[in-house]
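# Fold and contact review
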Amino acid sequence: MNRMRGLQCAIAMALVLTVIGESAAADRARGRSIAQRWCSECHVVSPGQLHASDTVPTFAQIGQAEQFDEARLSAFLAAPHHSRMPDLSLTRSEIADLVAYIKAQRP
Ligand code: HEC
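Bear in mind that the values here come from a model prediction, so they are computed numbers and not experimental data. Residue positions are counted from 1 within each chain, in the order its sequence is given. Totals for whole chains, interfaces and linings use every residue, but because this is a predicted model, local features are given only for residues with pLDDT of at least 70 and side-chain atom pairs only at 80 or more, for both listing and counting. Here the side-chain values reflect all heavy atoms present in the structure, with hydrogen atoms and water set aside.

Before going further, it helps to spend a moment on the coordination of the iron atom of the ligand. Coordinating donors are taken as N, O and S atoms within 2.8 Å of the metal, stretched to 3.2 Å for Na, K and Ca; because water is absent from the atoms, sites can appear incomplete. Each protein donor to the iron atom of the ligand is listed here as His43 (NE2) and Met85 (SD); together their distances run 1.9 to 2.0 Å. Around the iron atom of the ligand sit six donor atoms; with metal-centred angles ranging over 88 to 180°, the donor geometry is octahedral. Of this pair, His43 sits in the loop between α1 (2-38) and α2 (59-64) while Met85 sits in the loop between α3 (70-78) and α4 (92-103); the two residues are 42 residues apart in sequence, bridging distant segments of the chain. Every geometry call rests on angle ranges, with four donors termed tetrahedral when all angles are between 85 and 135 degrees, four termed square planar and six termed octahedral when opposite donors are over 155 degrees apart and all others are between 65 and 115, and everything else termed irregular. In this text, helices come from DSSP runs of H or I with a minimum length of four residues, and strands from runs of E with a minimum of two, each type numbered from the N-terminal end.

In structure tokens, the structure reads:
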């Protein structure tokens, strides 16, 4: 009986981990499509992108920066005042997706 419980428990855990893994991947994928739509005019958002403004940091540079910090990045994207960066009125979930995407560019 106990063994059966253990097995059920392991299966449940595996399911939970699968769901968590998939939702993280979905966030990144959504972040990527938002980035391509809204950010790629100025930023290089993925390695394959050839054209953007050369005075603007690439997403790889932002993600790999020593001082990279998710909370700071989210706060910046919610209100990029005092910056040459435009305020794109992103929603919280769009910001979370973008941060997940930029974070994924870390080595
Ligand atoms: C119209 C051009 C433009 C668009 C569109 C744009 N950015 Fe920017 N972004 C800039 C510029 C210019 C800077 C540099 C700001 C500065 O140095 O004051 C910047 C800076 C940033 C920074 C800070 C980098 C750092 O290290 O300080 C982040 C993060 C960022 N952008 C993310 C985004 C995201 C995410 C999007 C899309 C939702 C986006 N940007 C869309 C022009 C743009």
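Past the structure itself, the notes keep going.
Right, let's talk about the site of the ligand for a bit. Only a single heavy atom is needed: when it lies within 4 Å of a molecule or strand, its residue is near that molecule or strand. Around the ligand sit 18 residues, and of these Cys39, Cys42, His43, Leu73 and Met85 come closest. Contact between the ligand and His43: a nitrogen atom at 2.8 Å from a side-chain N or O atom of the residue. Residues adjacent in sequence count toward polar contacts only when both atoms are side-chain atoms; beyond that, a polar contact is any pair of N or O atoms within 3.5 Å, and within protein one must be able to donate a hydrogen and the other to accept it. For the ligand, an oxygen atom lies 3.3 Å from a polar atom in the side chain of Ser83. Counting only elements with at least two residues in the shell around the ligand, the list comes to α2 and α3. At three residues, α3 tops the list of elements feeding residues into the shell around the ligand.

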